[in-house]
Amino acid sequence: MAADNFFRQAIEGATFSFTARPEPVAGDLRMSWGIGILLLSLFYAHGKKGSFQKLQFLAHAIRTQEGREDVRALMAGRLRTTEVSVRVEPWLNRAVSYAHSLGLVDVTKGRSVGLTEKGKEVAAALDADKGVFKEERLFLADVARKLTEVQLTKIWRMEDLL
């Protein structure tokens, strides 16, 4: 008897139940989360586009409540640029690649990313769904448009140290 037939006989007539469980993979490693964050970051950004420098900064900050609070404090002048954690997030590059292949974003000269018309539609639908990305949306609405390239350059170069 073939192994698959034996297995089929063993489970035939059995009762199964399934319980929904949280995904065992961290949110920042799930492409559905990463692409959603990318689209919302661009949706809230000035001109529906942003530099990789800006997207990387937002991607790192958005991951945790502490990161979001630090950026808000920086924008309010309560923290210096050297007091804010900055890290390159590998998931962001994957999200950009997938979003680009899906026709949701355009990449210009490898320096900036912008929403396509299709990307704007998907981002608007994500933004309208108040059941997802609650904290992330509040953060991006508060910060993404206000964050300038001059500020980002200071943060990434740690110019307060000079």
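Worth saying up front: this structure is predicted, and the values here are computed from it rather than measured. (Residues numbered from 1 in each chain as written. Predicted model: local features only at pLDDT ≥ 70, side-chain atom pairs only at ≥ 80, totals over all residues. Heavy atoms only, no water.)

Draft legend 1. Spotlight on the pairing of strand E2 (residues 105-108). The sheet contact formed by E2 and strand E3 (residues 112-115) spans 4 bridges and is antiparallel. Paired with valine 105 across the strands is leucine 115, a residue of E3. (Pairing = 2+ DSSP bridges. Helix = DSSP H or I, 4+ residues; strand = E, 2+ residues; numbered from the N terminus.)

Draft legend 2. Geometry of the confidence of the model for the protein chain. Averaged over every residue, the pLDDT of the protein chain is 86; residues scoring 70 or more account for 85%. Per-element confidence in the protein chain ranges from a low mean pLDDT of 63 for helix H1 (residues 3-11) to a high of 96 for E3. (pLDDT = per-residue confidence, 0-100.)

Draft legend 3. Just the pairing of E3, in detail. Inspection of the sheet shows strand E1 (residues 49-51) paired to E3 by 3 bridges, in the antiparallel sense. For lysine 49, the partnering residue across the bridge sits in E3 and is glycine 114. Counting the residues that bridge the hairpin from E2 to E3 gives 3 residues, and of these lysine 109 lies at a positive phi of roughly 50°.

Draft legend 4. Broad picture of the pattern of salt bridges. Tallied over the entire structure, the rule returns 6 salt bridges. One salt bridge connects lysine 120 with glutamate 117, and the closest N-O pair in it is separated by 3.3 Å. A residue pair is termed a helical-turn pair when its members lie 3 or 4 positions apart in one helix, as lysine 120 and glutamate 117 do in helix H6 (residues 117-128) at 3 residues. Judged by its relative accessible area of 30%, lysine 120 falls in the partly exposed class. For glutamate 117, a relative accessible area of 54% corresponds to the exposed category. Residues lysine 146 and aspartate 142 are paired through a salt bridge, measuring 3.3 Å at the closest nitrogen-oxygen approach. The class of aspartate 142 is partly exposed, set by a relative accessible area of 31%. (Salt bridge = Lys/Arg side-chain N within 4 Å of Asp/Glu carboxyl O. Buried < 20%, exposed > 50% of the residue type's maximum accessible area, 1.4 Å probe, protein only.)

Draft legend 5. Fine view of the nonpolar core. Ranked by size, the top nonpolar core spans 38 residues in total, and within it Leu38, Leu39, Phe57, Trp91, Val105, Phe139 and Leu140 carry the most contacts. When contributions to this core are tallied by element, the ones reaching two or more residues are helix H2 (31-44), helix H3 (52-62), helix H4 (65-75), helix H5 (90-101), E3, H6, helix H7 (134-143) and helix H8 (149-157). (Core = buried A, V, L, I, M, F, W, Y, C linked by side-chain atoms within 4.5 Å.)

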